[in-house]
Amino acid sequence: MKTAFITGITGQDGAYLAKYLLEKGYKVYGGFRRTSTPNFWRLEELNALHDVELIELDILDTGNMVRAFSKYLPDEVYNLAAQSFVAVSFEKPVLTGDITAIGVTKVLEAIRICNPKIKFYQASSSEMFGKVMETPQKETTPFYPKSPYAVAKLYGHWLTIVYRESFDIYGCSGILFNHESPLRGIEFVTRKVSDAVARIKKGKQKFFDIGNIDAKRDWGFAEEYVRGMWLMMQQDTADDYILATNETHTVREFIEHAFRYVDMDIAWIGHGINETAIDKKTGKTVVKINPKFFRPGEVDLLLGDYSKAKEKLGWEPMVRFNKLVEMMVEADLKRIK
Ligand code: NAP
Ligand code: GDP
C-alpha cells in the first residue's frame, strides 16, 4: 500500500485528490492547519472524511513537517497548500509570499531532511503566465506574473526545479489552468456566480455585483485535474506539465450560461462600470458591475495547450465549459433549501 501526504487537504483539490488516492488504495494523510473551527465540509461532501487520517500541519513550520514526514513515512507528498486567492494577494502580499512561496522551501527542506526519496508534487499555476507572451500557453512559454500570488507561485515552481536538479529529488510541477467544481471556494468567480444565480432563481437574492466580465479563462473540472497530478508522480523522471482544456471563455459567458441553465434569459445594457444585466422577462437588474472587484493588475487571457500531458501522461479533460457551468449551478440549486 502506497502512502500519500496531502498539504491543503481542506481545499478543493485536497478533497478530490484524497478521494482519488483512497480509491487507488493509498493510505492518505491530510495536513490541515489549526483553526478555532476546523472545516472539513469538502471531504464530508465526497464521503472521504473518515478514510483520511487528518494531521495538524502548517507549511509555515518546517519542524512540524519534519516530524510529520518522519512519523508517517509518505512515498508521495502533494503540496496543495497555499494562499490561493489572487485578489487577496494584492492586500496580503507578505503573507502570500510566506505561505505560497517560502512555504514550498519548507516542504522541500522537510523532504530533504527526512527522506529525499519522497516524491514531491508542486501545485503551480497558469497565473505565472500573467501578461501572456504567447497563445496558447505551453510549458515553454516565458512567464510574466501579474500579481503577488503569481510571483509566489513562480518561486515555488523554480524551487521545485532547483531541488530536482541539485538534490536529485523527484519534484514535479503541474502548471494547472483554472479548475472549478461544486467544491470551489465561494470567493472565486465561477462559484460566486453559480451560487448567486441559484439564489436568484430561488428568490433568495435579487442581484449580484461583479468585477471584470471580459477576463478570459481556461476553466476545467477539478476532479479530472487531480488525476493528472497523480499521473505526473508515476513517471520514471520528474517533469512539469500543463493541465488545461484548450478552450477560453469570458466571465460574461459564464454568467450568461449560468442564467440560461435556470431558464433565465439575460441582456446586457450600458457600458463600462455602468453595464448591467437584466432579466429579459421581468426587466429587473440581476448583475451589476462593481469596481470594488477590479484588480490592481489583471490577467486578461489564459488558454492552455495540454498536448504534452496528453502525449506523455495520456491525460485529457472530458468536462467542457457548458457542462462545468451546469454542474456548478445544479449543485448550488440543491444546496438551497
Ligand atoms: P484552496 O481551495 O484555496 O485550498 C488551499 C489549501 O491550502 C486549503 O486547504 C488551506 O487551508 C491550505 N493552507 C493555506 N495556508 C496554509 C498553511 N500555512 N499551512 C497549511 N495549509 C494551508 O485551493 P485549491 O483550489 O484546492 O488549489 C490547490 C492548490 O493548487 C493551491 O496551491 C492553488 O494555489 C493551486 N492552484 C489552483 C488552481 C485552481 O484553479 N483551483 C489553479 C492553479 C493552481 P484552510 O482551509 O485552512 O484555508
Ligand atoms: P483567478 O484566475 O485565479 O484570479 O480566479 P478568479 O476566479 O478569482 O478570477 C477569475 C477572473 O474573474 C479574474 O480575471 C477576475 O478579475 C474576474 N472577476 C470578475 N469579477 C470577479 C469577482 O467578483 N470575483 C472574482 N474572484 N473574480 C472576478
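Residues numbered from 1 in each chain as written. Chains lettered and ligands numbered in written order. Predicted model: local features only at pLDDT ≥ 70, side-chain atom pairs only at ≥ 80, totals over all residues. Heavy atoms only, no water.

### Brief notes about the packing of aromatic side chains
- Tallied over the entire structure, the rule returns 17 aromatic pairs.
- Ring plane angle 65° and centroid distance 5.1 Å describe the contact between Phe 85 and Phe 188, whose orientation is recorded as edge-to-face. Separated by 103 residues along the polypeptide, Phe 85 in the loop between β4 (76-79) and α4 (86-91) and Phe 188 in the loop between β7 (179-180) and α7 (189-201) bring together distant segments of the chain. A single burial state applies to Phe 85 and to Phe 188, both of which are buried.
- Taken together, the ring pairs connect Phe 5, Tyr 29, Phe 69 and Tyr 72 into an aromatic cluster.
- Note that Lys 119 overlies the ring of Tyr 170, its terminal NZ or CZ placed 4.3 Å from the centroid.
- Of note, Arg 252 hangs over the ring of Trp 268, and the distance from its end group to the ring centre comes to 5.0 Å. (Phe/Tyr/Trp six-rings, centres within 6.5 Å; stacked < 30°, edge-to-face > 60°. Helix = DSSP H or I, 4+ residues; strand = E, 2+ residues; numbered from the N terminus. Buried < 20%, exposed > 50% of the residue type's maximum accessible area, 1.4 Å probe, protein only. Lys NZ or Arg CZ within 6 Å of the ring centre and 35° of its normal.)

### Details of the sheet that holds strand β14 (residues 276-279)
- Spatially, 4 strands are ordered β8-β15-β14-β13 in an open sheet, and the strand pairing comes out mixed. Each edge of the sheet is formed by a strand with only one pairing partner; in this case those strands are β8 (208-210) and β13 (266-269). For this sheet, the mean inter-axis angle between neighbouring strands, taken without regard to orientation, is 25°.
- Relative to β14, β13 runs antiparallel, the two being bridged by 4 bridges. Bridge pairing links Ala 267 to Ile 278 in β14.
- Taken strand by strand, α7 contacts β8 and β15 (285-289), and its axis lies near 160° from that of β8.
- Contacts from helix α9 (residues 251-261) reach β8, β13 and β15, with the element oriented near 145° to β13. (Pairing = 2+ DSSP bridges. Axes fitted to C-alpha atoms, helices over the stretch in contact; angles between N-to-C directions. Contact = heavy atoms within 4.5 Å.)

### Looking at the site of ligand 1
- In the neighbourhood of ligand 1, 24 residues make up the surrounding shell, with Thr 10, Asp 13, Arg 33, Ser 84 and Tyr 149 lying closest.
- Gln 12 has a polar backbone atom sitting 3.1 Å from an oxygen atom of ligand 1.
- Contact distances for ligand 1 include 2.8 Å between an oxygen atom and a side-chain N or O atom of Lys 153.
- Within the complex, 88% of the 900 Å² of free accessible area of ligand 1 lies under protein.
- Where the shell around ligand 1 is concerned, the elements lending two or more residues are α1 (12-23), β5 (119-125) and α6 (148-167).
- The dominant element in the shell around ligand 1, judged by the number of residues it contributes, is β5, at 3 residues. (Near = heavy atom within 4 Å. Polar contact = N/O pair within 3.5 Å; in protein donor to acceptor, adjacent residues only side chain to side chain. Areas by Shrake-Rupley, 256 points an atom, 1.4 Å probe, with all protein chains shown as cover.)

### A word on the environment of Lys 153
- Considering the arrangement of structural elements, one finds Lys 153 in helix α6.
- Measuring from C-alpha to C-alpha, the distance between Lys 153 and Ser 124 comes to 5.9 Å, with 29 residues separating the pair along the chain.
- Dropping the residues within four chain positions of it, Lys 153 is found in contact with Ala 82, Thr 100, Gln 122, Ala 123, Ser 124, Ser 125 and Met 128.

### Quick look at the nonpolar core
- Within the largest apolar cluster, 73 residues are counted, with the highest numbers of intra-cluster contacts made by Leu 21, Tyr 78, Tyr 121, Phe 208, Ile 255 and Phe 259.
- Beyond its immediate sequence surroundings of up to four residues, Tyr 121 is in contact with Val 77, Tyr 78, Asn 79, Leu 80, Cys 172, Ser 173, Gly 174, Leu 176, Met 229, Met 232 and Met 233.
- Phe 5, Ala 68, Ala 110 and Ile 111 belong to the second-largest nonpolar core, a separate cluster that totals 23 residues. (Core = buried A, V, L, I, M, F, W, Y, C linked by side-chain atoms within 4.5 Å.)

### Digging into the sheet that holds strand β1 (residues 3-7)
- Across the sheet, which stays open at both edges, the 7 strands sit in the order β3-β2-β1-β4-β5-β6-β11 with parallel pairing between neighbours. Edge strands, defined here as strands with exactly one partner in the open sheet, are β3 (53-56) and β11 (240-243). Each strand axis lies, on average, 20° off the axis of its neighbour in the sheet, ignoring direction.
- Sheet analysis places β4 next to β5, joined by 4 bridges and oriented parallel. Of the residues in β5, the one forming a bridge with Tyr 78 is Tyr 121.
- Its contacts with the sheet put helix α3 (residues 62-72) on β1, β2 (27-32), β3 and β4, and the angle it makes with β1 is roughly 160°.
- Here helix α8 (residues 222-232) sits on the sheet and contacts β4, β5, β6 (171-176) and β11; the angle it forms with β6, its principal contact strand, is near 155°.

### Focus: unusual backbone geometry
- Cis rather than trans, the peptide bond between Thr 135 and Pro 136 has omega equal to -5°.
- Within the secondary structure layout, Pro 136 lies in the loop between β5 and α6.
- Even without glycine at this site, Asn 246 takes up a positive phi of about 65°.
- Inspection of the secondary structure puts Asn 246 in the loop between β11 and β12 (249-250).

This is a description of form; function is not addressed.
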